[in-house]
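# Working through the structure, step by step
Next come the chains, spelled out residue by residue.
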Amino acid sequence: MCFRTPKALADSPDPSRKAKIDEIIRVDHAGETAAVRIYEGQMFVLGRNKETAETLEHMRMQEVEHLSDLDVLVADRRVRPSALLPVWEVAGFALGAVTAAMGKEAAMACTVAVEDVIGGHYNDQIRDLLARGWDEEELLALLKKNRDEELEHLETATELGAERAPLHAPLTQIIKTGCKAAIEVAKVI
Ligand SMILES: [Fe+2]
Ligand SMILES: [Fe+2]
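All values derive from a computational prediction rather than experimental measurement. (Residues numbered from 1 in each chain as written. Chains lettered and ligands numbered in written order. Predicted model: local features only at pLDDT ≥ 70, side-chain atom pairs only at ≥ 80, totals over all residues. Heavy atoms only, no water.)

### Here we look at the overall build of the chain
Note the threshold: Put simply, DSSP marks the helices as runs of H or I at least four residues long and the strands as runs of E at least two long, and each gets a number from the N terminus on. The atom set for the radius of gyration is the C-alpha atoms, and the globule formula is 2.2 Å times the number of residues raised to the power 0.38. Burial classes: relative accessible area under 20% of the type maximum marks a residue as buried, over 50% as exposed, and values in between as partly exposed (1.4 Å probe, protein chains only). In this analysis, two residues are considered to be in contact whenever any of their non-hydrogen atoms come within 4.5 Å of each other. All accessibility values rest on the Shrake-Rupley procedure with a 1.4 Å probe; residue burial counts only the protein chains present in the view. Only four residue types enter the charge count, namely Lys and Arg as positive and Asp and Glu as negative; His and the chain termini do not. To locate a charge, the coordinates of NZ of Lys, CZ of Arg, CG of Asp or CD of Glu are taken.
In terms of regular secondary structure, the chain is built from seven helices and zero strands. Expected size for 189 residues packed as a compact globule is a radius of gyration near 16 Å; at 17 Å, the chain falls within 12% of this value. For the chain, the residues scored as buried account for 49% of the 189 residues in total. The long-range fraction of contacts in the chain, counting pairs at least 24 apart against all pairs at least 6 apart in sequence, stands at 86%. Just so you have it, the chain exposes about 9100 Å², and 60% of that area is on carbon and sulfur atoms. In the chain, which carries 23 positive and 33 negative side-chain charges, the distance between the mean positions of the two groups comes to 3 Å.

### With respect to the UniProt feature "binding site: Fe cation 1" (unreviewed entry) in the chain
What counts, and what does not: UniProt positions are given in the numbering used here, feature names are shortened, and annotations may be inferred rather than shown by experiment. Put plainly, a pocket is an open set of points on a 1 Å grid over the protein atoms alone with protein on both sides within 12 Å along at least five of seven lines, a cavity is a set where a 1.4 Å probe fits but cannot get out, and a lining residue has an atom within 4 Å of a point. The term polar contact refers here to a pair of N or O atoms within 3.5 Å; inside protein, the definition further demands a hydrogen-donor-capable atom paired with an acceptor-capable atom, and it admits residues adjacent in sequence only when both atoms are side-chain atoms.
The residues that UniProt annotates with the feature "binding site: Fe cation 1" (unreviewed entry) are Glu32, Glu63, His66 and Glu150. With the annotated positions falling across 119 residues, the maximum pairwise C-alpha distance of 10.5 Å places them together in a single cluster. When the annotated set is filtered for residues lining the largest pocket, what remains is Glu32, Glu63 and Glu150. Relative to the helices and strands, histidine 66 is located in helix α3 (residues 50-76). Histidine 66 has contacts with Glu32, Lys145, Asn146, Glu149 and Glu150, leaving out every residue within four places of it along the chain. Ignoring any residue separated from it by four or fewer positions in sequence, one finds glutamate 150 in contact with Glu32, Glu63, His66, Glu115, Ile118 and Tyr122. Looking at glutamate 150, its side chain comes within polar contact range of the side chain of histidine 66, at 3.2 Å.

### A look at the side chain of lysine 20
Structurally, lysine 20 is set in helix α2 (residues 15-46). Not counting the four nearest positions on each side in its chain, lysine 20 is found in contact with Asp128, Arg132 and Trp134.

### Some details on the coordination of the iron ion (ligand 1)
Tetrahedral metal sites with four donors have an ideal angle of 109.5 degrees; octahedral sites with six donors have ideal angles of 90 or 180 degrees. To be explicit about the condition: Sodium, potassium and calcium take a 3.2 Å donor cutoff, other metals 2.8 Å, and in both cases only N, O and S atoms count; water is not among them, so sites may look incomplete.
Coordination of the iron ion (ligand 1) by the protein involves Glu32 (OE), Glu32 (OE), Glu63 (OE), His66 (ND1) and Glu150 (OE), with metal-donor separations of 2.0 to 2.6 Å. On the primary sequence, the residues serving as donors to the iron ion (ligand 1) are separated as E-x30-E-x2-H-x83-E. In this model, the iron ion (ligand 1) sits 3.8 Å from the iron ion (ligand 2), the two metals being bridged by glutamate 63. On the criterion of sequence distance, the pair formed by histidine 66 in helix α3 and glutamate 150 in helix α6 (residues 137-159) is long-range, its members being 84 residues apart. Among the residues examined, histidine 66 registers a relative accessible area of 0% and is labelled buried. Note on glutamate 150: relative accessible area 1%, which makes it buried.

### Regarding the coordination of the iron ion (ligand 2)
Heads up, the condition is: Under this scheme a four-donor centre is tetrahedral when all angles range from 85 to 135 degrees, a four-donor centre is square planar and a six-donor centre octahedral when opposite donors are above 155 degrees with the rest from 65 to 115, and any other centre is irregular.
Of the protein atoms, only Glu63 (OE), Glu115 (OE), Glu150 (OE) and His153 (ND1) coordinate the iron ion (ligand 2), at distances of 1.8 to 2.4 Å. Given four donor atoms and angles of 85 to 124° at the metal, the environment of the iron ion (ligand 2) is assigned as irregular. For the iron ion (ligand 2), all donor residues lie on one chain, and their spacing in sequence is E-x51-E-x34-E-x2-H.

### Brief notes about the layout of surface pockets
The cut-off we apply is this: Grid points are joined across faces, edges and corners, and a volume is the space filled by probe spheres set on the points. Note on residue categories: nonpolar means Ala, Val, Leu, Ile, Met, Phe, Trp, Tyr, Cys or Pro, charged means Asp, Glu, Lys or Arg, and polar means any other residue, Gly included.
Taken as a whole, the largest pocket holds about 430 Å³ of empty space. Lining the largest pocket are 27 residues, with Ala34, Ile38, Gly178, Cys179 and Ala182 positioned closest to its centre. Sorting the residues of the lining of the largest pocket by element identifies α2, α4 (85-101), α5 (104-132) and α7 (168-188) as the ones contributing at least two each. Looking at the lining of the largest pocket residue by residue, the class counts come to 18 nonpolar, four polar and five charged. Taken as a whole, the second largest pocket encloses approximately 210 Å³ of empty space. Elements with a minimum of two residues in the lining of the second largest pocket: α2, α5 and α7. No other element matches the six residues that α5 contributes to the lining of the second largest pocket. Class assignment of the residues belonging to the lining of the second largest pocket gives a composition of three nonpolar, three polar and seven charged.

What follows is the structure, encoded as structure tokens:
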């Protein structure tokens with residue numbers, strides 16, 4: 001799915017609207033950057049298990065598409081990307097690899113925790129945009145598509161035994177807290 005934005009929209013006459021839209025695109029672009037790396041980290045460790053690898057690769061490819069759609073928005077709307085992209089890349093890969101090293105179930109618990117936060121984050125953005133009544137059909141369609149696919153990832157990871165992970169509750173708590181903190185940072189930096 002490709003989302004191209006008319007050039008005129010990049011120069012929104014309302015600076016506060018432009019700032020809000022930029023914030024949405026910046027944080028989502030950062031999040032999808034990290035998401036691709038999380039799945040790469042999981043594949044790095046679990047890639048030799050054929051069944052798990054197929055599932056991880058399917059989810060990774062969807063994250064690649066999310067990121068490429070956001071790349072288009074960043075370019076077309078001239079959004080300053082997060083200055084911390086290298087940090088999100090390293091942190092994402094490390095999170096994926098470390099949880100995968102704890103076992104398949106821990107990798108899936110990581111996916112459930114991340115996608116729960118990200119799905120909720122996309123929902124918050126969708127509600128916020130709708131409440132503002134701006135004509136942002138294209139952006140809303142992208143946010144909804146990504147939200148739906150993140151929640152699919154959550155369901156898949158649950159089916160693959162996320163709740164059987166060692167240290168499931170504290171692991172989930174730590175990852176969710178980290179994701180929420182990263183979201184707040186990536187909105188501005
Ligand atoms: Fe995603
Ligand atoms: Fe996802």
